[in-house]
Amino acid sequence: IEKTYNMIKPDGVRNGHIGEIISRIERVGLTIERMELGMVTLEEAEANYGEHKGKPFYEGLISYITSGPVVKMVVSGENAVATMRKLMGATNCADAAPGTIRGDFGLTVDENVIHGSDSVESAEREIKVFFGA
Ligand code: GTP
Ligand code: MG
């Protein structure tokens, strides 16, 4: 069964959207297999966002993702990766459709509420980074 790594980012936690986001994940029939509230370490942040190193927004991205507690999750189900990306909406909250998590709970591309793996391969790597298995 397909697995994906999702993370409610610091703004999503700070603004009180944990419950609503979890409800949306459950409502489509996906299963939350693992879940943990905690900080992202600098090491984890750099491992997760290595592909963006050198880009102008990289430093801001690392400091934002380590700025407060997040909710780390492993979500499973048929087409879990794509289904979560659909629930999340476009990367830039300003472009994300109403009804998507980013469209409903975020305003910008810098603080965009939630992360979701972009492929099965990324998911496997990210689950190792954040849960060590
Ligand atoms: P994640 O689920 O967070 O990985 O988002 P994504 O897969 O939709 O986007 P991507 O992996 O391309 O980018 C990772 C994160 O970098 C995004 O969530 C944004 O917060 C940030 N980011 C990406 N592109 C830009 C950009 O052009 N400008 C700024 N300021 N931030 C960006
Ligand atoms: Mg990404």
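Rules behind the numbers
Residues numbered from 1 in each chain as written. Chains lettered and ligands numbered in written order. Predicted model: local features only at pLDDT ≥ 70, side-chain atom pairs only at ≥ 80, totals over all residues. UniProt positions renumbered as here; feature names shortened; annotations may be inferred. Helix = DSSP H or I, 4+ residues; strand = E, 2+ residues; numbered from the N terminus. Rg over C-alpha atoms; globule rule 2.2 N^0.38 Å. Pairing = 2+ DSSP bridges. Axes fitted to C-alpha atoms, helices over the stretch in contact; angles between N-to-C directions. Near = placed C-beta within 6 Å. Nonpolar A, V, L, I, M, F, W, Y, C, P; charged D, E, K, R; others polar. Contact = placed C-beta atoms within 7 Å.

Per an unreviewed UniProt entry, the protein goes by the name Nucleoside diphosphate kinase and belongs to Ellagibacter isourolithinifaciens. Annotation of the protein in UniProt includes, under Cofactor (unreviewed entry), the sentence "Mg(2+)".

A. Geometry of the overall build of the protein. Counting secondary structure elements, the protein contains seven helices and four strands. Start at the N end of the protein and walk to the C end: the helices and strands fall as β-α-α-β-α-α-β-α-α-β-α. Computed over C-alpha atoms, the radius of gyration of the protein comes to 14 Å, within 12% of the 14 Å expected from 2.2 N^0.38 for 133 residues, which places it in the range of a compact globule. Counting only C-alpha atoms and orienting by the principal axes, one finds that the protein spans roughly 35 × 35 × 25 Å.

B. Fine view of the sheet that holds strand β3 (residues 70-76). Reading across the sheet, the four strands line up as β2-β3-β1-β4 and stay open at both edges, with antiparallel pairing between neighbours. Both edges of this open sheet fall to β2 (31-38) and β4 (114-116), since each of them pairs with a single strand only. Pairwise comparison of adjacent strand axes, ignoring direction, gives a mean angle of 15° for this sheet. As paired elements, strand β1 (residues 3-8) and β3 share six bridges and run antiparallel to each other. Residue M7 lies in a different strand from β3, and its bridge partner there is K72.

C. Structural detail: the site of ligand 1. Taken together, H52, F57, L61, T91, V109, D110, N112, H115, G116 and D118 make up the full set of residues near ligand 1. A class-by-class count of the residues in the shell around ligand 1 yields three nonpolar, five polar and two charged.

D. Main features of the UniProt feature "active site" (unreviewed entry) in the protein. Per the UniProt record, "active site" (unreviewed entry) is found at H115. Among the secondary structure elements, H115 is positioned in strand β4. Beyond its immediate stretch of four places on either side in the chain, H115 contacts N6, M7 and K9.

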